[in-house]
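# Residue-level structural notes
Take a look at the letters that make up each chain.
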Amino acid sequence: AGDIGHGLMPWAAHKEWSYRVTVEFFAQGDEERSLGLAISPLCDRNVPMNFAGSQAFFIDIFSSAVVKVIHKFAASEEGQKEIQKMLDSGLQNIERWKLEPVPDPQHLNEDFLNQKFGAPALEFVFPYEFDKDQLLNIKPTTSEQNLRELSDQRVLPDEPRLPTIDESEHI
């Protein structure tokens with residue numbers, strides 16, 4: 001949910017991500033136009049857009065939908081409360097977009113971003129503190145291993161658990 005989850009972040013962070021990705025899309029469309037290519041959807045700054053409506057769609061269809069699935073796997077009450085806070089934040093963001101004065105798409109560029117939000121950091125910035133030694137000792141896992149661990153941790157109510165690969169050999 002990394003790059004689509006920003007719709008559920010607090011307003012300031014979500015707003016910045018939204019403008020930054022829009023500038024990125026418009027830059028792509030500008031490059032496609034200069035090369036004589038068809039301009040990709042959402043990348044043409046010359047096509048009128050409903051910024052608030054597109055953000056509401058993104059939050060409803062992508063951000064919230066993915067997190068609602070994750071919510072089903074949250075085993076602890078605390079985890080469920082945190083996820084609910086994220087979903088509530090998404091609803092608040094939808095309402096905030098209705099009040100946000102959106103600038104002319106012709107002016108959405110790197111200069112706009114730097115003036116509004118500051119220049120991007122040149123180093124990695126993490127929102128949490130991590131024990132670097134512990135991170136360096138993490139062994140890579142496959143997607144199959146991750147999915148097996150998830151299915152072993154939580155079984156959804158009224159849904160049968162599929163046998164793991166090891167179990168299916170004995171069926």
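Refer to the preceding data block for the structure.
Now for a look at the structure at hand. (Residues numbered from 1 in each chain as written. Predicted model: local features only at pLDDT ≥ 70, side-chain atom pairs only at ≥ 80, totals over all residues. Heavy atoms only, no water.)

## Points about the overall build of the chain
In terms of helices and strands, the chain carries seven helices and zero strands. Listed by position from the N terminus, the elements making up the chain come as α-α-α-α-α-α-α. Within the chain, buried positions represent 22% of all 171 residues. Taking contacts inside the chain between residues at least 6 apart in sequence as the whole, the part at least 24 apart equals 63%. For the chain, the accessible area works out to roughly 12,700 Å², and carbon and sulfur atoms hold 58% of it. (Helix = DSSP H or I, 4+ residues; strand = E, 2+ residues; numbered from the N terminus. Buried < 20%, exposed > 50% of the residue type's maximum accessible area, 1.4 Å probe, protein only. Contact = heavy atoms within 4.5 Å. Areas by Shrake-Rupley, 256 points an atom, 1.4 Å probe, with all protein chains shown as cover.)

## Observations regarding the packing of aromatic side chains
Ring pairs (aromatic) are described by centroid distance and by the angle formed between their planes. All chains considered together, the criterion is met by eight aromatic pairs. Taken together, a centroid distance of 6.0 Å and an interplanar angle of 40 degrees make the contact between Tyr19 and Phe117 tilted. Of this pair, Tyr19 sits in helix α1 (residues 11-34) while Phe117 sits in helix α4 (residues 110-117), placing them 98 residues apart in sequence. Given a relative accessible area of 0%, Tyr19 falls into the buried group. Take Phe117: its relative accessible area is 22%, and that puts it in the partly exposed class. Centroid distance Phe57 to Phe62: 6.3 Å. Interplanar angle 80 degrees. Geometry classified as edge-to-face. (Phe/Tyr/Trp six-rings, centres within 6.5 Å; stacked < 30°, edge-to-face > 60°.)

## Quick notes on the nonpolar core
Generally speaking, nonpolar side chains in soluble globular proteins are found buried as a group. If you look at the biggest cluster of nonpolar residues, it comprises nine residues: Trp11, Tyr19, Val23, Phe26, Phe51, Trp97, Leu108, Phe112 and Leu113. Listing elements by their share of this core, those giving two or more residues are α1 and α4. For Trp11, the contacting residues outside a window of four places in its chain are Asn93, Arg96, Trp97 and Glu100. Listed in part, the eight residues of the second largest apolar core include Leu8, Ala56, Ala74 and Ile83. (Core = buried A, V, L, I, M, F, W, Y, C linked by side-chain atoms within 4.5 Å.)

## Observations concerning the pattern of salt bridges
If you walk through the whole model with that rule in mind, you get eight salt bridges. Lys15 is paired through a salt bridge with Glu100; the nearest N and O atoms lie 3.7 Å apart. Separated by 85 residues along the polypeptide, Lys15 in helix α1 and Glu100 in the loop between α3 (77-99) and α4 bring together distant segments of the chain. The buried category is assigned to Lys15, whose relative accessible area is 16%. (Salt bridge = Lys/Arg side-chain N within 4 Å of Asp/Glu carboxyl O.)

## So, α1
Residues separated by three or four positions in an α-helix point in the same direction, a consequence of the helix having 3.6 residues per turn. Relative to the 34 Å expected for 24 residues at 1.5 Å per residue, α1 spans 34 Å between its end C-alpha atoms, a close match to the ideal helical length. In this fold, the buried residues of α1 make contact with α2 (51-73), α3 and α4. Once α1 ends, the next one or two residues include Gly36, with phi positive near 75 degrees. (Expected span 1.5 Å × (residues − 1).)

## Focus on the environment of His14
With respect to the helices and strands, His14 occurs in helix α1. According to the relative accessible area criterion, His14 is buried, its value standing at 0%. Taking the C-alpha atoms as reference points, His14 and Gly90, 76 residues apart in sequence, are found 9.1 Å from one another. When near neighbours in sequence (up to four residues on either side) are disregarded, His14 contacts His6, Gly7, Met9, Gln55, Ile59, Asn93 and Trp97. A distance of 3.0 Å separates polar atoms of two side chains, one belonging to His14 and the other to His6. (Polar contact = N/O pair within 3.5 Å; in protein donor to acceptor, adjacent residues only side chain to side chain.)

## Re a nonpolar patch on the surface
Taken together, the side chains of Phe57, Ile61 and Phe62 make up a nonpolar region of the molecular surface, amounting to roughly 300 Å² of accessible area. The topology assignment puts Ile61 in helix α2. (Patch = residues over 30% accessible without salt bridge, like charges linked within 9 Å, V, L, I, M, F, W, Y side chains within 5 Å.)

## Digging into the packing of α1 against α3
Contact pair α1 / α3: the axes reach a minimum separation of 10 Å and the direction vectors enclose 65 degrees. By crossing handedness, the relation of α1 to α3 is classed as right-handed. Together, Trp11, His14, Lys15, Ser18 and Tyr19 of α1 and Asn93, Arg96 and Trp97 of α3 make up the contact between the two elements. (Axes fitted to C-alpha atoms, helices over the stretch in contact; angles between N-to-C directions. Left-handed = near helix turned anticlockwise from the far one by under 90°.)

Keep in mind these values describe shape, not function.
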